[in-house]
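# A look at the structure
The residues making up each chain are set out below.
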Amino acid sequence: MIRDVFKAELPIDEKFCIKKNVITSGNSPKRVCIVTGTHGDELEGQYVAFKLNQILNNNLDKLDGTVEIYPGLNPLGIDSIQRGIPNFDIDMNRIFPGSLVGSMSEVAAHYIVEDLSGADVVIDIHSSNIFLREIPQVRINVNLQSTLVPLANLLNMDFIWVHEAATVLESTLAHSLNIIGTKTLVVEMGVGMRINHDCCEQLIEGILNLLSSMQMWHDNIERKVNTPVLSVGDSVSFINAEKSGIFITDSHVNSNVKKGQRIGMIVSSLTGEILEDVIAPVDGLMFTLRAYPVVYEGSLLARIHVFKENV
């Protein structure tokens, strides 16, 4: 059943409308919400929403409970391929929990939080931006580690990054929901403005596994899900550009690297010079890698999870 979460009038006889699809079967009161489209340039969640809608609606006899799918929290951003909300020049994931007194976007944020509140689990799906490629991962506030890591382990991801509390923005949807007791997992994967089918299928399998573990999905399939690498505390090394230029690499994300290994180079297309050899500073798992080749001094090139023996 399609329902409106929030609706507002736009100036020239148009409407801003956030919708969800509510899929219910059986007698269980359990409720899981799949949320995506907060950023208009992150499209992996569109595929996940499409496929989950198909799977659940075609197999209602296997569902016991309610799954709600929110494919576009920022529909104007998706329509115009903009990360933020057009005309408001704002990142939607920086205005939660919203307010009833404020701009249209703030009011929308308020109603989104109100609508999701009380769910047993919320999965907030993001892609990376257009600059970075990420392996399928869940990101968690360190203060919620004991509550959320067991759920994240069910999602068939490659990596769980437990952030220090200072790195978690209080104005995000996930933080706003977790702080009121609605368990929310943030998924990051892929690269902006693209859909990686393999990443999406991996997450879909993980969501079905989560539903099965909650006794909400009964398809009698024994799923073998990934055991993710868990990164906690000061175990992530950042590689930033020391020169401006064009970043060239034949390295791959989700690969193990050795300290001293060259993972790419920054070059000058004007002179043909190699301006910087980009070297791995540690042994570890490269879970983030630059996808957009134009870089400036300080640009993030890679993130590496440091293997325990090197921490």
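Residues numbered from 1 in each chain as written. Predicted model: local features only at pLDDT ≥ 70, side-chain atom pairs only at ≥ 80, totals over all residues. Heavy atoms only, no water.

## What about the pairing of strand E11 (residues 245-248)?
Relative to strand E16 (residues 294-295), E11 is paired through two bridges, and the arrangement is antiparallel. In the sheet register, Gly-245 faces E16, and the bridge partner there is Val-295. Examined bridge by bridge, E11 and strand E13 (residues 262-267) share three bridges and lie antiparallel to one another. Considered in E13, the bridge of Ile-246 is made with Val-267. (Pairing = 2+ DSSP bridges. Helix = DSSP H or I, 4+ residues; strand = E, 2+ residues; numbered from the N terminus.)

## Section: the nonpolar core
Counting residues in hydrophobic clusters, the biggest one holds 38 residues, and the most contacted among them are Ile-34, Val-48, Ile-123, Leu-155, Leu-203 and Ile-207. When residues of this core are assigned to their parent elements, the largest contribution, eight residues, is made by helix H6 (residues 197-213). Dropping the residues within four chain positions of it, Ile-34 is found in contact with Leu-52, Val-67, Glu-68, Ile-69, Tyr-70, Ile-123, Ile-125 and Ile-207. With 24 residues, the next largest nonpolar core counts Phe-6, Phe-16, Val-107 and Ile-112 among its residues. (Core = buried A, V, L, I, M, F, W, Y, C linked by side-chain atoms within 4.5 Å. Buried < 20%, exposed > 50% of the residue type's maximum accessible area, 1.4 Å probe, protein only. Contact = heavy atoms within 4.5 Å.)

## Structural notes on the environment of Gly-77
Along the chain, Gly-77 turns up in helix H2 (residues 75-80). Between the alpha carbons of Gly-77 and Thr-66 there is a distance of 28 Å; along the sequence they are 11 residues apart. With residues up to four places along the chain from it excluded, the contact list for Gly-77 reads Gly-40, Gln-82, Gly-84 and Pro-86.

## Thoughts on the environment of Asn-256
Mapping Asn-256 onto the fold places it in strand E12 (residues 255-257). Taking the C-alpha atoms as reference points, Asn-256 and Phe-287, 31 residues apart in sequence, are found 9.0 Å from one another. For Asn-256, the residues in contact, after removing those within four places along its chain, are Gln-261, Gly-284, Leu-285 and Phe-307.

## So, the sheet that holds strand E14 (residues 274-279)
Taken in spatial order, the four strands make up an open sheet running E14-E13-E11-E16, and their pairing is antiparallel. In the strand order of this sheet, the two ends are held by E14 and E16, each with one partner. Strand direction decides the pairing type here: E13 and E14, joined by five bridges, are antiparallel. Within E14, the residue paired with Arg-262 across the bridge is Ile-279.

## Looking at the pattern of salt bridges
Applying the stated criterion to the full structure yields 13 salt bridges. Across the salt bridge formed by Arg-83 and Glu-42, the nearest N and O atoms sit 3.0 Å from each other. Taken together, the residues Arg-83 in the loop between H2 and helix H3 (104-116) and Glu-42 in the loop between strand E3 (31-35) and helix H1 (44-57) connect sequence positions 41 residues apart. The class of Glu-42 is buried, set by a relative accessible area of 4%. Residues Asp-219 and Arg-223 are paired through a salt bridge, measuring 2.6 Å at the closest nitrogen-oxygen approach. Taken as a pair, Asp-219 and Arg-223 share a single burial class, namely buried. Residues joined by salt bridges that share partners form a network here, namely Lys-20, Arg-31, Glu-68 and Asp-115. (Salt bridge = Lys/Arg side-chain N within 4 Å of Asp/Glu carboxyl O.)

Any functional reading would require information beyond the geometric quantities listed.
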